[in-house]
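# Fold and contact review
If you want the building blocks of each chain, they are given just below.
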Amino acid sequence: MKFETLAIRTQTNRTAQQEHSTPMFPTSSFVFDDAEQMRAMFADEQEGNIYSRFTNPNCTELEDKMAALEGTDDAVATASGMAAIFASFMALLKAGDHLISSRAVFGSTHTILHQYLPKWNIEVTLVDPSDQQTWADAVRPATKMFFVETPSNPGLDIIDLEAAKAFCVKNNLILNVDNCFATPYLQKPAQWGADLITHSATKYIDGQGRVVGGIAAGRQDLITEIKKLCRSTGPALSPFNAWVLSKSLETLAVRMDRHCDNAERLATFLMDHTQCHNVRYPFLDSHPGAAIARKQMKLGGGLVTFEIAGGLAQGKRFLDALKMLSLTANLGDTRSIATHPASTTHAKLTPEARLATGITDGLIRISTGLEHIDDIIRDIDQALILSAQ
Ligand SMILES: *Cc1c(COP(=O)(O)O)cnc(C)c1O
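What you are looking at is a predicted structure, and each value in this text was computed from that prediction instead of being measured.

Attention shifts here to the pairing of strand S6 (residues 196-200). With five of its five residues buried, S6 lies for the most part within the structure. In S6, alternate side chains face the same way, and those of Leu 196, Thr 198 and Ser 200 on one face and Ile 197 and His 199 on the other are all buried. Relative to S6, strand S5 (residues 174-178) runs parallel, the two being bridged by three bridges. From the neighbouring strand, Val 177 faces S6, where its bridge partner is Ile 197.

What follows deals with the packing of helix H4 (residues 81-92) against helix H9 (residues 220-233). Between H4 and H9, the least distance of the axes is 9 Å, while the angle of their chain directions is 105°. By the angle class used here, H4 and H9 are roughly perpendicular. On H9, the residues touching Ala 87, Ser 88, Met 90, Ala 91 and Leu 92 of H4 are Leu 222, Glu 225, Ile 226, Leu 229 and Cys 230.

Considered domain by domain, the protein is made up of domain 1 (3-249) and domain 2 (252-387). One C-alpha centre belongs to domain 1, the other to domain 2; they are set 27 Å apart. Across the contact, 37 residues belong to domain 1 and 39 residues belong to domain 2. In total, domain 1 and domain 2 occlude about 3200 Å² of area from one another, counting both sides; carbon and sulfur atoms represent 62% of this. Considering only the surface of domain 1 that becomes buried against domain 2, Tyr 185, Leu 186 and Tyr 204 emerge as the three largest contributors, covering 24% of it. For the interface between domain 1 and domain 2, the tally reads three salt bridges. Where Lys 295 meets Asp 160, a salt bridge forms, and the shortest distance between an N and an O atom there is 3.1 Å. One can count 16 residue pairs in polar contact (both at pLDDT 80 or more) joining domain 1 with domain 2. Of all elements in the fold, only helix H1 (3-9), helix H5 (107-116), helix H7 (161-171), helix H8 (183-186) and helix H10 (239-249) reach the threshold of two or more residues within the side of domain 1 that touches domain 2. For the side of domain 1 that touches domain 2, the element with the highest residue contribution is H8, accounting for three residues. Taken together, the residues that form the side of domain 1 that touches domain 2 break down as 18 nonpolar, 12 polar and seven charged.

Analysis parameters
- Residues numbered from 1 in each chain as written.
- Predicted model: local features only at pLDDT ≥ 70, side-chain atom pairs only at ≥ 80, totals over all residues.
- Heavy atoms only, no water.
- Buried < 20%, exposed > 50% of the residue type's maximum accessible area, 1.4 Å probe, protein only.
- Helix = DSSP H or I, 4+ residues; strand = E, 2+ residues; numbered from the N terminus.
- Pairing = 2+ DSSP bridges.
- Axes fitted to C-alpha atoms, helices over the stretch in contact; angles between N-to-C directions.
- Parallel < 35°, antiparallel > 145°, perpendicular 65-115°, else oblique.
- Contact = heavy atoms within 4.5 Å.
- Domains from an automatic or database assignment.
- Buried area = accessible area lost by both parts, 1.4 Å probe.
- Salt bridge = Lys/Arg side-chain N within 4 Å of Asp/Glu carboxyl O.
- Polar contact = N/O pair within 3.5 Å; in protein donor to acceptor, adjacent residues only side chain to side chain.
- Nonpolar A, V, L, I, M, F, W, Y, C, P; charged D, E, K, R; others polar.

Following this line, the structure appears as structure tokens:
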């Protein structure tokens, strides 16, 4: 079956009522037929739901659907994207191991890499996503995993997944890809050999700004380890959030088509604007990763970044001059949003570390929503002109 069909027809659970649409299972625990069945389930000899920290039918449907869409063996749902990323490190790395990460990764991921992993004696080296020599230079005997994000948040850096896999095969590393910005509709890292794929489902998978959730999908042996960790440590996704996210996946393909179309039109408009420099969009020819983006992505995604002519001061005036776009952190919503990474998501990094990930004081990130493109462009244009005065 094709992507759109799998997203709609992967339906794991119905009750005796034969609901057409999957119902919600808001229950903390499940009953057993008898003592012997209870014993067998606790002993892992028989499959079934015991307790919603372990499994819940709504989470199982979301996991089955994401595994089908990513083309992986299995998946595990978590309470947030960060919980999925953190669980993937905690389940698969141990004290003394070394992790190589692209330096262009999400702000909270940097916090895990620098503030928490070292506490458990897991060392981290950051590398340049577009300079493969820095990857090779970082390898040590203890290196176990390569973590990358493409396109990256917020710099929209592109990493070549085929090259990343070849590097991991050569050095016997687990390739772990944060696929949040692309979603499996635009990019399937498993097709290029990724062992593990993590998601903030909060973004495009919900797509309507309602719930927080995460997913890790991948090879069976790796997901089994992550499931075991989650079962004991408890970052379980709530049945309600899982129900929302599974429903949302039914419309992911049509939403992404429109997000991408709007973003490409916005990027084209901004390229000619006197108040913007360095407009970045993965499918623009001026993007240094455009050829790789076109190789591994179906469309360019919903995010556009640019640098405002007057730097930090004009950036703030621009945000204040917007009439329709929301000032909020959550990307991938139906509503277009504008953010200023230097003062928000990446404020905890040092200015040098920020610059190393491509974040200048004047960087503006637009998550292009599903409003009419004429209205999105009109609002941004008037704010750019007003902020220049
Ligand atoms: C938002 C985001 C995360 C974190 O996800 P949460 O659901 O907020 O925990 C991780 N990676 C990327 C690329 C993100 O944009």
